[in-house]
Amino acid sequence: MKLTALQLDALAEIFNHGVGQAAMALSELAGEEVQLSAPRVEELSRLQITEKLNAQGANRICAVRQGFSGAINTEALLMFPVDQSLHLVQLMVGDDFPLAQLSEMEQESLAEIGNILLNSVVSSVADMLDIEFEGTLPQVELGQVAEVLHATESLEDLILSLQINFKIASRQIQGYLVFLLDVTSGDMLEKKISAFLGSLP
């Protein structure tokens, strides 16, 4: 899969719609405004994403993984540096919970955050590109970036990457949302984007 600049721009608009829906849902969950930046959409290799997260000092990350199947099969991964994921949970559940006491509810809260964001984004893609998806339950993982991305298998494979910034209570947290697609699904995504662009007035 190698998308053109126009196709990436179209995806950015589609993803941005889903991110907007997620921001409203997360704001309700948090009880205060959650601002999510317009996603920066790129095709990057597993190695490049690993290097980006490592450059942030995120040699260990917390990830929410969810599978989606249909005309396009993909695994979606929402990834945060471990320390930022803890702060994100604390911001969502309230400052009354010290970080040291968050471990029990951490996975459940992160799964809920991931579920809202991943499903909002995928629903936007499904609606605007006319694709039906069935999703699995989100799973929370903790580990090295390369382990979570299975980067040792195919370092140079291009995957779809969205960089999204969370801003809550004047604090900013940076996360990465990536979609792992096989060759057939990548080709189908290209066709669906081309059809979408062809339908625009």
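Residues numbered from 1 in each chain as written. Predicted model: local features only at pLDDT ≥ 70, side-chain atom pairs only at ≥ 80, totals over all residues. Heavy atoms only, no water.

Would you take a moment to explain the nonpolar core for this structure?
In a soluble, globular protein the nonpolar side chains are often hidden away together inside. Core analysis: the largest hydrophobic core is formed by 45 residues, its most contacted members being Phe15, Leu36, Leu160, Phe166, Leu177 and Phe179. Ranked by residues supplied to this core, first place goes to helix α1 (residues 5–30) with eleven residues. With sequence-adjacent residues up to four places away left out, phenylalanine 15 is seen in contact with Pro39, Val41, Val121, Val125, Leu160, Leu162 and Phe179. (Core = buried A, V, L, I, M, F, W, Y, C linked by side-chain atoms within 4.5 Å. Buried < 20%, exposed > 50% of the residue type's maximum accessible area, 1.4 Å probe, protein only. Helix = DSSP H or I, 4+ residues; strand = E, 2+ residues; numbered from the N terminus. Contact = heavy atoms within 4.5 Å.)

What is the right way to read the packing of α1 against helix α6 (residues 183–199) from this model?
Any two packed helices are characterised by the angle at which their axes cross and by the distance between the axes. Running from N to C, α1 and α6 cross one another at 80 degrees; their axes reach a closest spacing of 10 Å. As far as their axial angle goes, α6 and α1 are roughly perpendicular. Contacts between α1 and α6 involve Leu6, Gln7, Ala10, Leu11 and Ile14 from the first element and Leu189, Glu190, Ile193, Ser194, Phe196 and Leu197 from the second. Its residues placed into classes, the contact of α1 with α6 shows eight nonpolar, two polar and one charged. (Axes fitted to C-alpha atoms, helices over the stretch in contact; angles between N-to-C directions. Parallel < 35°, antiparallel > 145°, perpendicular 65-115°, else oblique. Nonpolar A, V, L, I, M, F, W, Y, C, P; charged D, E, K, R; others polar.)

Would you mind showing me how to read the environment of isoleucine 164 here?
With respect to the element layout, isoleucine 164 can be found in strand β7 (residues 158–168). The class of isoleucine 164 is buried, set by a relative accessible area of 1%. Along the chain, isoleucine 164 and glycine 175 lie eleven residues apart, while their C-alpha atoms are 5.4 Å from each other. The contact partners of isoleucine 164, leaving out residues within four places of it in the chain, are Val19, Leu36, Ser37, Pro39, Leu117, Ile173, Gln174, Gly175 and Leu177.

In this structure, what is going on with the environment of serine 124? I would like to understand it.
Structurally, the position occupied by serine 124 is in helix α4 (residues 103–129). Sequence-distant contacts of serine 124, defined by excluding residues within four places in its chain, comprise Ile14, His17 and Gly18. Of note is the side chain of serine 124, whose polar atom sits 3.5 Å from the side chain of histidine 17. (Polar contact = N/O pair within 3.5 Å; in protein donor to acceptor, adjacent residues only side chain to side chain.)

I keep staring at the packing of aromatic side chains and nothing clicks. Help me out?
For any pair of aromatic rings, geometry is given as the distance between the ring centres together with the angle between the planes. Scanning the model with the defined rule gives three aromatic pairs in all. With a centroid separation of 6.3 Å and an interplanar angle of 80 degrees, the aromatic rings of phenylalanine 68 and phenylalanine 133 are classed as edge-to-face. Of this pair, phenylalanine 68 sits in strand β3 (residues 60–70) while phenylalanine 133 is found in strand β5 (residues 133–135), placing the two residues 65 residues apart along the sequence. Classification of phenylalanine 133 by relative accessible area gives partly exposed; the value is 22%. (Phe/Tyr/Trp six-rings, centres within 6.5 Å; stacked < 30°, edge-to-face > 60°.)

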